[in-house]
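# Fold and geometry: a report
Now for the letters of each chain:
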Amino acid sequence: MALPKKLKHFNLFGNGNNWQGEIASLTIPELARQMEEYRGGGMNAPVDIDMGMQKLEFQWTPAGLIPEVFENFGTSQADAELLRFAGSYQRDDTAETVPVEIVARGRHSTIGMGDAESGGNNTGSVTTTLSYYKLTIAGEDVVEIDVPGMIEKVRGVDRLEEHRQNIGL
């Protein structure tokens, strides 16, 4: 019998600020492909054509007010914000722990202050659209996406390298 690796602890850092204890929850960016259905002559069924990545977003919930979140709001710089998620996953059958790190660059598209209630929890919400994403598990770079640089590495293989060469980049 094997048990899954579960997230036991995490922290979020923003532009070098340590937000230990200040983040209630977060939604790790979803990696999604933009698919286009195609069925040509002589084909009995359609197939999906991969048209590249969908937009990357990092959504997170501050447990209260974090003034630094507003420093770059409205910037025209696509990578003004640096976020670093550090997570510790553990298996309860072997007690093995696995470090997971996500480094992301982008800019905040929305900052919600949440409901203001005296004595209430008063959590907010932040959505950061990403221009860069890197997932590292147990020290191994698993996924690295640099949108403006047209780089998409999965386990060390750059899936866009030939396309960059083809267009002179």
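How each quantity is defined
- Residues numbered from 1 in each chain as written.
- Predicted model: local features only at pLDDT ≥ 70, side-chain atom pairs only at ≥ 80, totals over all residues.
- Heavy atoms only, no water.
- Patch = residues over 30% accessible without salt bridge, like charges linked within 9 Å, V, L, I, M, F, W, Y side chains within 5 Å.
- Areas by Shrake-Rupley, 256 points an atom, 1.4 Å probe, with all protein chains shown as cover.
- Salt bridge = Lys/Arg side-chain N within 4 Å of Asp/Glu carboxyl O.
- Helix = DSSP H or I, 4+ residues; strand = E, 2+ residues; numbered from the N terminus.
- Buried < 20%, exposed > 50% of the residue type's maximum accessible area, 1.4 Å probe, protein only.
- Pairing = 2+ DSSP bridges.

### Looking at a nonpolar patch on the surface
- Taken together, the side chains of Tyr38, Val47, Ile49 and Met51 define a hydrophobic patch exposed on the protein surface, amounting to about 370 Å² of accessible area.
- Topologically, Ile49 is positioned in strand β5 (residues 47-53).
- According to the relative accessible area criterion, Ile49 is partly exposed, its value standing at 35%.

### Things to note about the pairing of strand β8 (residues 97-112)
- Strand direction decides the pairing type here: strand β7 (residues 81-91) and β8, joined by 10 bridges, are antiparallel. Looking at the pairing, Leu83 lines up with Ala104 of β8.
- The turn linking β7 back onto β8 is made up of five residues, and Ala95 within it adopts a positive phi angle of 70°.
- When β8 meets strand β9 (residues 125-137), the two strands line up antiparallel, connected through 12 bridges.

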